Amino acid sequence: MIRFSSLLSFAAVLSLFALTACSPFGKQRMGDPQNPYPLQTQPKIGDIVHLPTGIPVSREQMFAIAGDARIVYLGETHDNPASHRLEVQVLEALADRHPGRQALGMEMFSRDQQPVLDRWVAGLLDEKTFLRESRWFENWGMDFGFYRDLLDTARKRRIPVIALNAERSLVAALRSKTPDQLSAAEQAMLPELDLTDPYHRGLAAAVLGDRSHGGMTIDGFIRVQTLWDETMAESAARYLTSPAGSDKHLLVVAGGNHVQYGFGIPRRLFRRLPVSYVLIGGREIDIPADKQNRLMNVDIPDFPMAPYDFVVYLAYEDLPQTGVMLGVEPAPAGRGVAVKAVAPGSNAERAGLQPGDLLLAIDGEALVDVFDLLHALKQKQSGSHGLLQIERQGQTLNVEILFQKSDGVHSPGKR
């Protein structure tokens, strides 16, 4: 039996704790929730740390732990080849752990591109056809060289690639309209949207403060960011609960802001499908001077959680340079590619191209559309030659061009 006097004594102890800085029920916070066990030495490139414990681990240890989870989220740096090598390594390790039961989900593709991805994995498309049919240059725009090894790995190992993202038309509509202002057809495309997450709003406000988004309001920016995250979460959940995905594990590859801290895709997917997951991200610690301007000047809020379960320390690298710039603003023309403008100092100007020219072929290969021109230029190297067939004022001309590195041809829309 507990005596009344004992209860009084216990109450007195609680009161004492409440009056001291050691109170287990008070507001005192020890350490940094984002980095509770800071490293005692400077990390080196290739080091991996389990952030919740501060304990360094090997790649094999990280892969083994990640392999126990149903979902692994990998937050990438879009333009760092080292980040993409990590993706390939993680995918291969997970596929070895789950032979025939591993899938890859990618932010880079919208859901209407799924049939193209299926044909790619089945080996039915070469790279040029895949790039054309997936509308790579229009939909994502990053150099395909960043993603080639990852997608080649998926194809070689017959790993299903799942298109996660929202269609561009819906993103554009929600940028300037609230959900209730969308058409009935657009509303039918919307996933369940939670626009109230305070951490998501805090991150969006920080990011918006560093970038120009065409005058978009904070609410419009949050709507778009939420649409991306909710759609990717919904796409992944649909796949994992479908007959094709019910026995699969999933690696989700997306930009770091969609993954880190867990309130982007991970929390929204867990709301739909509560399964185990692991967060992996890269952190660049060797950043050359010419890449300092790529870093966002963002004052990230003090979130009460670690950004990742595992952080891998990387160098910020360059993708080997391939392709050349012509220096024109191209436009569709029904047949061939129309030249809307020629950049000063460009290869096109040195070769004598003029606005109004119609580009018909390069090196004997017909230019059906702008994609053909972009792909052809990507196959060339600085110092190489090319033979352009053009039409000017009703006359067909052959123009030889030397592709040199040029200034003044890198503005938006120039190729």
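Above this note sits the structure.
Just so we're clear, the structure is a prediction, and the values are computed from it rather than from any experiment.

A.B. asks: I'd like a description of the side chain of Gln 34, backed by residues and values.
C.D. replies: Within the secondary structure, Gln 34 sits in the loop between helix 1 (4-18) and strand 1 (48-50). One polar contact links the side chain of Gln 34 to the main-chain carbonyl oxygen of Pro 301, over a distance of 3.3 Å. At a separation of 3.3 Å, a polar atom in the side chain of Gln 34 contacts the main-chain carbonyl oxygen of Phe 303. For Gln 34, the residues in contact, after removing those within four places along its chain, are Leu 51, Tyr 261, Pro 301, Asp 302, Phe 303, Met 305, Ala 306 and Pro 307.

A.B. asks: Describe the pairing of strand 13 (residues 385-392), listing the residues and the values that go with them.
C.D. replies: Only one face of strand 13 is buried: it carries Gly 386, Leu 388, Ile 390 and Arg 392, and the other face, with His 385, Leu 387, Gln 389 and Glu 391, is open. Strand direction decides the pairing type here: strand 11 (residues 358-362) and strand 13, joined by 4 bridges, are antiparallel. Its bridge partner lying in strand 13, Leu 359 is registered against Ile 390. Judged from the 8 bridges that link them, strand 13 and strand 14 (residues 395-402) form a sheet pairing that is antiparallel. Residue pairing for strand 14: Gln 389 is matched across the bridge by Asn 398. Counting the residues that bridge the hairpin from strand 13 to strand 14 gives 2 residues, and of these Gln 393 lies at a positive phi of roughly 50°.

A.B. asks: If you had to explain the sheet that holds strand 7 (residues 277-286) to someone new, which residues and values would you point to?
C.D. replies: The strand order 2-1-8-7-3-6-4-5 describes an open sheet built from 8 strands, whose pairing is mixed. Two strands close off the open sheet at either side, each with one partner strand: strand 2 (55-57) and strand 5 (161-165). Going from strand to strand, the sheet's axes swing by 30° on average, the running direction of each strand aside. Bridging between strand 1 and strand 2 involves 3 bridges; their strand directions are antiparallel. Considered in strand 2, the bridge of Ile 48 is made with Val 57. Across the sheet, helix 11 (residues 218-240) is in contact with strand 3 (71-76), strand 4 (102-110), strand 5 and strand 6 (249-255); its angle to strand 5 comes to roughly 145°.

A.B. asks: So what about the packing of aromatic side chains? Which residues, and what values?
C.D. replies: Per the counting criterion, the structure on display carries 15 aromatic pairs. An angle of 90° between the planes, with centres 5.2 Å apart, marks the rings of Trp 136 and Phe 144 as edge-to-face. Under the relative-accessibility criterion, Trp 136 is labelled buried at 1%. With a centroid separation of 5.5 Å and an interplanar angle of 65°, the aromatic rings of Trp 136 and Tyr 147 are classed as edge-to-face. Here Trp 136 is found in helix 6 (residues 136-139), whereas its partner Tyr 147 is found in the loop between helix 6 and helix 7 (148-156), with 11 residues between them in sequence. An aromatic cluster of at least three residues, connected via ring pairs, comprises Phe 109, Trp 120, Phe 130, Trp 136, Trp 140, Phe 144 and Tyr 147. Note that Arg 155 overlies the ring of Trp 120, its terminal NZ or CZ placed 3.7 Å from the centroid.

The rules we used
- Residues numbered from 1 in each chain as written.
- Predicted model: local features only at pLDDT ≥ 70, side-chain atom pairs only at ≥ 80, totals over all residues.
- Heavy atoms only, no water.
- Helix = DSSP H or I, 4+ residues; strand = E, 2+ residues; numbered from the N terminus.
- Polar contact = N/O pair within 3.5 Å; in protein donor to acceptor, adjacent residues only side chain to side chain.
- Contact = heavy atoms within 4.5 Å.
- Buried < 20%, exposed > 50% of the residue type's maximum accessible area, 1.4 Å probe, protein only.
- Pairing = 2+ DSSP bridges.
- Axes fitted to C-alpha atoms, helices over the stretch in contact; angles between N-to-C directions.
- Phe/Tyr/Trp six-rings, centres within 6.5 Å; stacked < 30°, edge-to-face > 60°.
- Lys NZ or Arg CZ within 6 Å of the ring centre and 35° of its normal.

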